[in-house]
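Okay, here's what each chain looks like letter by letter:
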Amino acid sequence: LWEGCCVVTAIGKCVAVMYSSRGSGTAGAVRPPPPPPPPPPRQLGPPRIQIDRHTQCPLLLRTFVKKGTHHKPEDYAVRGEEPPGEHHLHTWLDASLRELHDLLKQVEPIAKERSSRLSFAIVYPDKRGVLTLKEVGSTRSIQRGPDDEKTLAELHFQAGDFLDVALFSGFVDPAAARV
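On a predicted model such as this, the values are computed, not experimentally measured, just so you know. (Residues numbered from 1 in each chain as written. Predicted model: local features only at pLDDT ≥ 70, side-chain atom pairs only at ≥ 80, totals over all residues. Heavy atoms only, no water.)

Counting its regular elements, the protein chain contains two helices and seven strands. Walking the protein chain from its N terminus toward its C terminus, one meets helices and strands in the order β-β-β-β-α-β-β-β-α. Expressed as a percentage of contacts within the protein chain between residues at least 6 apart in sequence, the contacts between residues at least 24 apart total 59%. Roughly 12,000 Å² of accessible area belongs to the protein chain as shown, and the carbon and sulfur atoms make up 57% of that amount. (Helix = DSSP H or I, 4+ residues; strand = E, 2+ residues; numbered from the N terminus. Contact = heavy atoms within 4.5 Å. Areas by Shrake-Rupley, 256 points an atom, 1.4 Å probe, with all protein chains shown as cover.)

Written as structure tokens, this is what we have:
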């Protein structure tokens with residue numbers, strides 16, 4: 001039976017722990033302290049933000065949908081003359097791409113098809129003020145994928161950016177096509 005006692009300094013902090021056994025004939029034997037616990041698991045990527053959707057107002061996400069391909073960055077060059085196919089989504093920065101896909105299913109009939117796939121891109125001004133289109137992920141209508149849980153915050157979306165969505169219908173999985 002091992003018992004420990006803490007050596008306390010004048011400040012009141014425990015600086016060393018001494019262990020001794022009682023009744024084993026080795027009274028006063030010093031045993032090293034146990035190893036420290038392992039560090040918590042490392043989180044990959046930026047930390048997820050927590051948003052209280054009951055108290056925080058949603059942002060306006062201007063979404064532009066095009067069938068078959070993304071719009072070109074030049075299509076967004078003139079303010080007020082953005083491309084057609086705009087949908088206004090009110091959501092929060094913690095919204096996932098899967099959540100946005102489900103919202104777009106309500107207004108885009110092709111997105112409801114079992115074989116549909118949505119490719120998402122963020123349109124934002126770069127350091128020079130030129131609008132840049134960056135593809136950030138894709139989701140499939142009925143099949144879950146690695147991009148489904150990406151949030152707008154993780155993708156560095158900021159209020160005022162646009163979301164460009166390419167809508168593909170009749171998508172065939174390349175892996176399934178080889179079989």
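A separate point is the nonpolar core. In terms of nonpolar packing, the biggest core is built from 19 residues, with Leu61, Leu100, Leu104, Leu118, Phe120, Leu163 and Val165 touching the most fellow members. Looking at this core, the elements with two or more residues in it are β3 (59-67), α1 (97-105), β5 (117-125) and β7 (162-168). Those residues in contact with Leu100 that lie beyond four places of it in its chain are Leu61, Leu89, Thr91, Ala95, Phe120, Leu152 and Leu163. (Core = buried A, V, L, I, M, F, W, Y, C linked by side-chain atoms within 4.5 Å. Buried < 20%, exposed > 50% of the residue type's maximum accessible area, 1.4 Å probe, protein only.)

Turning to the packing of aromatic side chains, a few remarks are in order. Evaluated as defined, the whole model comprises three aromatic pairs. Between Phe64 and Phe162, the aromatic rings sit 5.4 Å apart at their centres with planes inclined by 85°, giving edge-to-face as the arrangement. Of this pair, Phe64 sits in strand β3 while Phe162 sits in strand β7, and the two are 98 residues apart along the sequence. Plain terms: the ring middles of Tyr76 and Phe162 are 5.4 Å apart, the flat faces sit at 25° to each other, and that makes the pair stacked. Pair noted here: Tyr76 is in the loop between β3 and β4 (86-91) and Phe162 is in strand β7, with a separation of 86 residues, a long-range link. (Phe/Tyr/Trp six-rings, centres within 6.5 Å; stacked < 30°, edge-to-face > 60°.)

Moving on, we get to the side chain of Asp148. Locating Asp148 in the fold gives a position in the loop between β6 (131-140) and β7. A distance of 3.1 Å separates a polar atom in the side chain of Asp148 from the backbone nitrogen of Gly145. Ignoring sequence-local partners within four residues, the contact set of Asp148 consists of Ser96, Leu97, Arg98, Ser138, Thr139 and Gln143. (Polar contact = N/O pair within 3.5 Å; in protein donor to acceptor, adjacent residues only side chain to side chain.)

Let's shift gears to the confidence of the model for the protein chain. Residues at a pLDDT of 70 or more form 74% of the protein chain, whose mean pLDDT is 78. Of the regions scoring below 50 in pLDDT, residues 14-21 engages in 32 contacts with residues more than four places distant in sequence or in other chains. For the stretch residues 173-179, pLDDT sits under 50, and the model shows two contacts to residues farther than four places along the chain or on other chains. (pLDDT = per-residue confidence, 0-100.)

Taken as a whole and judged by the stated rule, the model has 10 salt bridges. The partner of Arg53 in a salt bridge is Asp94, and the shortest N-O contact between them spans 2.9 Å. In this pair, Arg53 sits in the loop between β2 (14-21) and β3 while Asp94 sits in the loop between β4 and α1, placing the two residues 41 residues apart along the sequence. Judged by its relative accessible area of 29%, Arg53 falls in the partly exposed class. (Salt bridge = Lys/Arg side-chain N within 4 Å of Asp/Glu carboxyl O.)

Here the focus is the sheet that holds β5. Read from one edge to the other, the open sheet built from five strands follows the order β4-β3-β7-β5-β6, with strand pairing classed as mixed. Edge positions in the open sheet fall to β4 and β6, since each of these has one partner strand only. Within the sheet, the average angular offset between the axes of one strand and its neighbour, ignoring direction, is 30°. Relative to β7, β3 is paired through six bridges, and the arrangement is parallel. Residue pairing across strands places Lys67 opposite Leu167, the latter belonging to β7. (Pairing = 2+ DSSP bridges. Axes fitted to C-alpha atoms, helices over the stretch in contact; angles between N-to-C directions.)

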